[in-house]
Each structure stands twice: as C-alpha cells, then as structure tokens.
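So the chains spell out like this:
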Amino acid sequence: MPRPSTPLLSRAQIATAALALIDEAGTFTLPGLAKALSVSPSSIYHHFPGGRESIVEAIRGLLAAEGIETEPGGRDWRRFVEDWSRAYREEFARHPRAVPLLTGQVVTDPETLAGYEAVARVLRDAGFRDETLLHAVTILDSFIIGSALDASAPLGVWADSPDPGSALGSAIRAARNEPARSSERSFEIGLRIILDGLGAIASAVRQDPIEGRPASAGRPPPTGPPGPAGAG
C-alpha cells in the first residue's frame with residue numbers, strides 16, 4: 001500500500017485524546033490511548049518516544065497554549081501576574097483531574113516554561129533577588145493549582161455546625177447564597193493577599209537592596225548615650 005499523503009496521527013491529536021481520557025477517568029494508559037485513537041501503541045511511541053511522561057508534558061503544552069501569557073506587553077508586574085494567574089487557574093480548573101499528573105513530574109514543556117520565565121522576569125524587574133524569586137513563583141504556582149482544584153470541589157467541603165453561634169457554620173450558610181462564585185471569590189481574595197505581600201517584599205528590597213529588607217529592620221541600635229527612660 002502507498003504511504004498516506006498525510007499522517008494519521010499528530011502529537012496534538014494524541015495529547016488531546018489523552019486529556020479526554022484523563023477528564024473522564026483521571027488517568028490514561030498507552031494501550032487505552034491507542035485503543036481510543038484506533039491505532040497501535042507503536043504508532044504513539046513513534047510520536048512520543050518518551051512514552052507517558054512526554055505525553056503528559058504535551059498535555060501541559062496544550063493547556064498553556066490556550067491562554068497562558070508569556071509577554072508583559074507594557075503591563076506593570078502586578079497587572080501581568082494577575083492576568084497570568086487568572087489564565088493559568090482557568091485552564092487548570094477546566095481539567096482538574098489532570099493536575100495530579102502535571103504536578104507529579106518536572107516541567108519541561110517550552111510554552112509553559114516561557115510563561116514562568118515571563119513571571120520571573122517581571123518579578124526580578126520589580127526588585128526580587130534570585131534568593132527569593134523562586135519562592136515567589138512557587139507560592140503563586142501552589143496557590144493557583146490549589147484554587148483550580150477547589151473550583152471543582154463540592155460546595156459543602158465542611159459539614160455545617162448545628163451550633164447557631166459557630167463562626168464557620170455562619171460563614172458556610174452565607175456562602176450558599178452565591179454558590180457559583182464562592183471559589184472564584186476565594187481565589188481573588190487570596191491572589192490580592194499574595195500580591196500585596198509580594199509587593200511589600202519588592203518595596204523592601206528597593207529600600208535596602210543590599211539587605212533586601214526595610215532599612216530599619218534588623219539593624220543594631222545606634223551607639224551613643226541612651227535616650228530618656230522608656231524611649232524606643
């Protein structure tokens with residue numbers, strides 16, 4: 001038989017099919033993926049010699065390509081990180097069952113790394129040093145992934161307390177008034193808190209770039225005669 005004029009498979013088709021299996025069952029196997037595509041496992045290995053791990057990275061690339069930003073485009077660091085975080089959460093929230101697979105291996109997908117590189121650059125430009133920059137990126141990453149999982153969690157995560165004076169119970173009952181927005185509001189509140197904290201760190205570094213903290217923090221008291229009793 002002559003070779004077909006176009007390939008029967010592509011890397012994108014394989015990754016898309018694997019993601020569909022993950023959305024349905026929480027995982028995928030190479031034989032199961034081959035069956036879903038009506039091909040042999042060897043056909044999949046032809047496109048992904050690295051097997052399962054390389055397919056997971058291709059899935060990561062699919063999600064990143066859907067809207068993960070890689071260029072600040074004139075935005076300041078806070079606006080860019082806000083936009084990046086929202087887009088990242090949105091893509092992960094659409095496929096929560098893929099999250100354990102994606103977080104279980106080293107990120108190598110070029111498009112995803114480009115997004116992280118953009119965040120790292122804007123944070124560095126904002127004043128973060130190498131010693132703290134990776135912590136900042138990790139904090140954002142952990143929060144986004146956790147919030148994406150929360151978006152698919154049951155509304156009633158905590159059992160309502162029969163105690164009418166329970167603070168948690170009162171909060172649970174209030175959240176029931178807007179169930180569709182509960183996870184989104186939690187994300188926005190948390191993101192604002194994190195960005196405020198990162199902004200404070202960046203400001204401290206700008207005040208004292210050598211120590212990376214406000215000029216008055218952690219410094220020995222001035223020498224000289226003591227001041228009045230009770231001062232300071």
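Refer to the structure above for everything that follows.
Conventions and cut-offs
- Residues numbered from 1 in each chain as written.
- Predicted model: local features only at pLDDT ≥ 70, side-chain atom pairs only at ≥ 80, totals over all residues.
- Heavy atoms only, no water.
- Axes fitted to C-alpha atoms, helices over the stretch in contact; angles between N-to-C directions.
- Helix = DSSP H or I, 4+ residues; strand = E, 2+ residues; numbered from the N terminus.
- Parallel < 35°, antiparallel > 145°, perpendicular 65-115°, else oblique.
- Contact = heavy atoms within 4.5 Å.
- Nonpolar A, V, L, I, M, F, W, Y, C, P; charged D, E, K, R; others polar.
- Expected span 1.5 Å × (residues − 1).
- Buried < 20%, exposed > 50% of the residue type's maximum accessible area, 1.4 Å probe, protein only.
- Arc of directions from axis to C-beta.
- Core = buried A, V, L, I, M, F, W, Y, C linked by side-chain atoms within 4.5 Å.
- Phe/Tyr/Trp six-rings, centres within 6.5 Å; stacked < 30°, edge-to-face > 60°.
- Lys NZ or Arg CZ within 6 Å of the ring centre and 35° of its normal.

### Details of the packing of helix α1 (residues 11–25) against helix α4 (residues 52–65)
Next up, step 1: Where α1 meets α4, the axes come as close as 9 Å, and the angle between the chain directions of the two elements is 90°. When the axes of α1 and α4 are compared, the pair comes out roughly perpendicular. For the pair formed by α1 and α4, the contact residues are Ala 12, Ile 14, Ala 15, Thr 16, Ala 18, Leu 19 and Ile 22 on the first element and Ile 55, Ala 58, Ile 59, Leu 62 and Leu 63 on the second.
Next up, step 2: When its residues are assigned to classes, the contact of α1 with α4 shows eleven nonpolar, one polar and no charged.

### With respect to helix α8 (residues 130–151)
Next up, step 1: In this model, α8 (22 residues) spans 32 Å end to end at C-alpha, consistent with the 32 Å of a helix rising 1.5 Å per residue.
Next up, step 2: Those residues of α8 that fall on the buried side of the exposure criterion are Leu 133, Ala 136, Val 137, Leu 140, Asp 141, Ile 144, Ile 145, Ser 147 and Ala 148. Angularly, the buried residues of α8 cover 165° about the axis, an arc narrow enough to put them on a single face. Residues of α8 that are exposed and point more than 90 degrees away from the buried face comprise Glu 131 and His 135.

### So, the nonpolar core
Next up, step 1: Judged by nonpolar contacts, the single largest core of 52 residues is most densely connected at Ile 55 and Leu 123.
Next up, step 2: Elements represented by at least two residues in this core include exactly α1, α2 (30–37), α4, α5 (77–94), α6 (99–102), α7 (110–126), α8 and α10 (182–207).
Next up, step 3: Excluding residues that lie within four positions of it along the chain, Ile 55 makes contacts with Ile 14, Ala 18, Phe 28, Leu 30, Leu 33, Ile 44 and Phe 48.

### Describing the packing of aromatic side chains
Next up, step 1: Throughout the structure, instances matching the rule amount to five aromatic pairs.
Next up, step 2: Measuring from centroid to centroid gives 4.7 Å for Tyr 88 and Phe 92, while their planes differ by 85°, and the two rings are edge-to-face. Placement of both Tyr 88 and Phe 92 in helix α5 is noted, with a separation of four residues, approximately one turn of the helix.
Next up, step 3: We classify Tyr 88 as buried; its relative accessible area is 5%.
Next up, step 4: Each ring, one from Phe 143 and one from Phe 187, has its centre 5.4 Å from the other, and the planes form 5°; the classification is stacked. Of the two residues, Phe 143 is situated in helix α8 and Phe 187 in helix α10; the sequence distance between them amounts to 44 residues.
Next up, step 5: Geometry around Phe 187 places Arg 89 over its ring, the cationic atom sitting 4.8 Å from the centre.

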